[in-house]
Amino acid sequence: MPSQYQNTYESWKNDPYSFWDKAAARIDWFKKPSQVFDSDTGGWFVGGEANTCYNAVDRHVEAGRGAQIALIYDSPVTGTKRKITYAELLDEVETLAAALADLGVGKGDRIIIYMPMVPESVVAMLASARLGAIHSVVFGGFAPTELAIRINDAKPKAIISASCGIEPSGVIAYKPLLDEAIAMAAHQPDFCLILQREQQDCALIDGRDFDYAETMNATRATGKKQPPVPVKATDPLYILYTSGTTGQPKGVVRDTGGHMVALAWTMDHFYGLKAGEVFWAASDVGWVVGHSYICYAPLLFGATSVIYEGKPIGTPDAGAFWRVIDEYNIAVMFTAPTAFRAIRKVDPDGALMNNYNLDNFRALFLAGERTDPDTLHWAREKLQVPVIDHWWQTETGWVIAGNPLGLGLVEVPPGSSGRPMPGYDVQVLDDDGKPIARGNLGNIVIKLPLPPSCLPTLWNADARFKDAYLTAFPGYYTTSDAGMIDEDGNVFIMARTDDIINVAGHRLSTGAMEEIITSHADIAECAVIGAADQLKGQLPIGFYVLNDGVKRPPEELEAELVALVRAKIGAVAAFKTAIEVKRLPKTRSGKILRGTIQKIANNEAYTAPATIDDPAILEEITAALRGRGLLK
Ligand code: COA
Ligand code: AMP
């Protein structure tokens, strides 16, 4: 059958409000929206009232599908497997929500969730949604300082956490990190709910910390169950902090109605999932992919979702993904290209695939960073299924451009992340805001209004929202991605236009790392760039200049800076290299030429900008990289 993509995109373009009105019919509303979109406020499904937890859980049970598996927990790092039906999930969320309500949490209150990949993390998100509270999940690999920044900004009434997480390197005690963050923060939560894990439990602080299991048991004993609280379609469901250009992350706000409508649409139209099938997003609930495709979208659609606490390699081997696909009959999978690069490095022939039955596996979707054509071809050849790159951002919560399996695949060349999805009018502009001819590089922007699910604002920072996204190109949303659109309408995302880098699919700010490095007493200034890396896509490299008169052995200082970034941002930053240089290349007006340093580190051709202060410094940078064996 020919692809329905073009027709569908055009039907949206011709009448966007009817398109989204129809999509909204899949959602159970307590009160139907009176208006699809309000151009004055930018709100979607205005006048509507609903509850995301009700739509993700209750209604499937009410429809008689309580016995269907909602969540599969597979944890090779603990040797645990568990299946949770929709009826069991309902019992968990209505009990946890009742317990939280008893402890004083209500509509509009914030709850921070700082947890490893255990089912309780998803239960906590849903319980928050059930109460009309606003959750903010913080990725477990972030250090206490990052957690403290989020506590101060979101001002949570409660924090839900666990005693520990398990990484291949060993057990990571979460509780000391949580205690340190709370000690650091100006805002104090009323209470913490702590899931004790048998791999390592932790001490609880009297009066502040409650044991998760005990609290659940006590609530169950009372028979209390929290009904879903109706909230406005435009009320926030969650805040997800993501890297901005400074140490202060951006609190991306997700609304209730638009989010549900867009996500439910994607499951079949984009990912091609059918009712009753199993969907697996191998990501972490701390990232947007985990929010949308481990928790919300599969459940809104009534599918089965997998929570995988493990890695693509080493838990126990590079066949881990194939085992999970086989064992749970996964139809469609979603992960980051870096995971496939990791597998390919260890098992280049894909020999471990032969141990498993992948006959029912239908498609692999990749996002979070550009899928390099090499990895794309390898995955296609080995898996013999469509391998689909798709582009999105924390800010949108769902795919901006991709190849829609559900509507029917279109021709997309390797290196492109596909065609714009309904809702997105993607364009390429030059720095003056003028349209650029097809096939030429420029700033990728989206014509306003943004579709449902995209951020209405930043938490407590409306001016920053306008400044960061709406000011550079009036009438358009600035994606901060650069790239092009070819003659056939395929979008190519090539680079960020800001200082964000992408390390193993994790979005990190080099500006935030620079702030930390320059906080060291011996450092005068520094520049952090993202150097190309075969496994992780990019890796940060820091170049620093010492204060006048300071002499330190470079190995010693590097170890201190690496430890500092690890302590302040977290292991996830993967900051392992700091190189001493005498000077940094700058323009005559004093702007550090990070782009040029990056090109040198990546062994790419470059021309020294005409405004460069002293071109000789570029040679010094080249020599410094060669001295460390990072450049031939
Ligand atoms: N809690 C605590 N620490 C964590 C953590 C968590 N939830 N997640 C990662 N870390 C730590 C790791 O242990 C590692 O620490 P180390 O420096 O002490 O070894 C560090 O953060 C970097 O982790 P990671 O980025 O996972 O790199 P890795 O080298 O351990 O593994 C891959 C490389 C490719 C296997 C891994 O990045 C991966 O599976 N990526 C999948 C991509 C993904 O999930 N992307 C999310 C967006 S879709
Ligand atoms: P995040 O908000 O963490 O999802 O990161 C969003 C950024 O990751 C985007 O702005 C892009 O720079 C990059 N990105 C995500 N998906 C892709 C993709 N498929 N191709 C290229 N870049 C991508």
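Please refer to the structure higher up on the page.
Residues numbered from 1 in each chain as written. Chains lettered and ligands numbered in written order. Predicted model: local features only at pLDDT ≥ 70, side-chain atom pairs only at ≥ 80, totals over all residues. Heavy atoms only, no water.

(A) Geometry of the overall build of the protein chain. Looking only at helices and strands, one finds 18 helices and 31 strands in the protein chain. Since a compact globule built from 632 residues should have a radius of gyration of about 26 Å, the 24 Å found for the protein chain is in line with a globular shape. Oriented by its inertia axes, the alpha-carbon framework of the protein chain measures out at about 75 × 60 × 55 Å. Out of the 632 residues belonging to the protein chain, those deemed buried represent 59%. Summarising the internal contacts of the protein chain: among those between residues at least 6 apart in sequence, 70% fall at separations of at least 24. Carbon and sulfur atoms form 51% of the exposed surface of the protein chain, whose accessible area is close to 24200 Å². Averaging the coordinates of the 59 positive side-chain charges in the protein chain and doing the same for the 76 negative ones gives two points 1 Å apart. (Helix = DSSP H or I, 4+ residues; strand = E, 2+ residues; numbered from the N terminus. Rg over C-alpha atoms; globule rule 2.2 N^0.38 Å. Buried < 20%, exposed > 50% of the residue type's maximum accessible area, 1.4 Å probe, protein only. Contact = heavy atoms within 4.5 Å. Areas by Shrake-Rupley, 256 points an atom, 1.4 Å probe, with all protein chains shown as cover. Lys, Arg positive; Asp, Glu negative; His and termini not counted. Charge placed at Lys NZ, Arg CZ, Asp CG, Glu CD.)

(B) Representation of the nonpolar core. In this structure, Leu126 and Tyr293 are the most contacted members of the largest nonpolar core, which totals 116 residues. Sort the elements by how many residues they give to this core and helix 10 (residues 288-301) lands first, with 10 residues. With residues near it in sequence (within four places) discarded, Leu126 still touches Cys53, Ala56, Val57, Leu89, Val93, Cys295, Tyr296 and Leu299. Counting residues in each nonpolar core, the second largest holds 40 residues, with Ile194, Trp287, Cys526 and Val528 among its members. (Core = buried A, V, L, I, M, F, W, Y, C linked by side-chain atoms within 4.5 Å.)

(C) Quick peek at the sheet that holds strand 24 (residues 442-447). Spatially, 23-24-25-26 is the arrangement adopted by the four strands of the open sheet, whose pairing is antiparallel. Of all the strands in the sheet, just strand 23 (426-429) and strand 26 (491-496) have a single pairing partner and so form its edges. Strand after strand, the sheet turns through a mean of 50 degrees between neighbouring axes, direction not considered. (Pairing = 2+ DSSP bridges. Axes fitted to C-alpha atoms, helices over the stretch in contact; angles between N-to-C directions.)

(D) Geometry of the site of ligand 1. In the vicinity of ligand 1, 21 residues are found, and the nearest of them are Glu167, Lys311, Pro312, Lys536 and Arg566. For ligand 1, a nitrogen atom lies 3.3 Å from a polar atom in the side chain of Tyr174. Summarising the interface, the protein chains cover 83% of the accessible area of ligand 1, which totals 940 Å² for the free molecule. Looking at side-chain class alone, the shell around ligand 1 contains 10 nonpolar, six polar and five charged residues. (Near = heavy atom within 4 Å. Polar contact = N/O pair within 3.5 Å; in protein donor to acceptor, adjacent residues only side chain to side chain. Nonpolar A, V, L, I, M, F, W, Y, C, P; charged D, E, K, R; others polar.)

(E) Quick look at the site of ligand 2. Around ligand 2 sit 15 residues, and of these Asp389, Thr394, Asp481, Arg496 and Arg507 come closest. The separation between a nitrogen atom of ligand 2 and a polar side-chain atom of Asp389 is 2.7 Å. Asn502 places a side-chain nitrogen or oxygen 3.3 Å from an oxygen atom of ligand 2. The fraction of the free accessible surface of ligand 2 (490 Å²) that becomes covered by protein chains is 92%. Taken together, the residues of the shell around ligand 2 break down into four nonpolar, five polar and six charged.

(F) Layout of the packing of aromatic side chains. In the structure shown here, the tally under the stated rule is 38 aromatic pairs. A centroid spacing of 4.9 Å and a plane angle of 65 degrees characterise the contact between Tyr271 and Tyr293, whose relative ring orientation is edge-to-face. You can see Tyr271 sitting in the loop between helix 9 (257-269) and strand 16 (278-281) and its partner Tyr293 sitting in helix 10, a full 22 residues away along the chain. Like Tyr271, the residue Tyr293 is buried in the burial classification. Through pairs of rings, three or more aromatic residues link up here, namely Tyr17, Phe19, Trp20, Trp29, Phe37, Trp44, Phe45, Trp265, Trp398 and Tyr424. The residue whose ring lies beneath Arg150 is Phe142, and the NZ or CZ to ring-centre distance is 4.6 Å. (Phe/Tyr/Trp six-rings, centres within 6.5 Å; stacked < 30°, edge-to-face > 60°. Lys NZ or Arg CZ within 6 Å of the ring centre and 35° of its normal.)

(G) Broad picture of the environment of Thr219. Note on placement: Thr219 falls in helix 8 (residues 212-222). Taking the C-alpha atoms as reference points, Thr219 and Glu94, 125 residues apart in sequence, are found 10.0 Å from one another. Sequence-distant contacts of Thr219, defined by excluding residues within four places in its chain, comprise Thr95, Ala98, Ala99 and Lys224.

(H) Focus on the environment of Thr304. Its location among the elements puts Thr304 in strand 17 (residues 304-308). Note: C-alpha distance between Thr304 and Gly276 (28 residues apart in sequence) is 7.0 Å. Sequence-distant contacts of Thr304, that is, excluding residues within four places in its chain, are made with Gln68, Ile69, Ala70, Ile72, Glu277, Val278 and Phe279.

(I) Region of the structure containing the pattern of salt bridges. Within this structure, the stated rule accounts for 37 salt bridges. Between Asp74 and Arg323 there is a salt bridge, with the nearest N and O atoms lying 2.7 Å from each other. Within this pair, whereas Asp74 is found in strand 4 (residues 69-75), its partner Arg323 is found in helix 11 (residues 320-328), the two being separated by 249 residues in sequence. A salt bridge links Asp209 to Arg208; its shortest N-O distance comes to 2.7 Å. For the pair formed by Asp209 and Arg208, the shared burial category is buried. Salt bridges sharing common partners tie together Asp58, Asp91, Glu92, Glu94, Arg130, Arg220 and Lys225. (Salt bridge = Lys/Arg side-chain N within 4 Å of Asp/Glu carboxyl O.)

(J) A look at the pairing of strand 19 (residues 363-366). Because side chains alternate across strand 19, one face comprises the buried residues Ala363 and Phe365, and the other comprises Leu364 and Leu366, equally buried. In this sheet, strand 19 lies alongside strand 18 (residues 330-335) in parallel orientation, the contact comprising four bridges. Bridging from a neighbouring strand, Met333 pairs with Leu364 of strand 19. Taking the sense of rotation as the criterion, the β-α-β connection linking strand 18, helix 12 (residues 337-346) and strand 19 turns out right-handed. Sheet topology note: the strand 19/strand 20 (residues 387-389) ladder contains three bridges and is parallel. (Right-handed = clockwise from strand over helix to strand, strands pointing away.)

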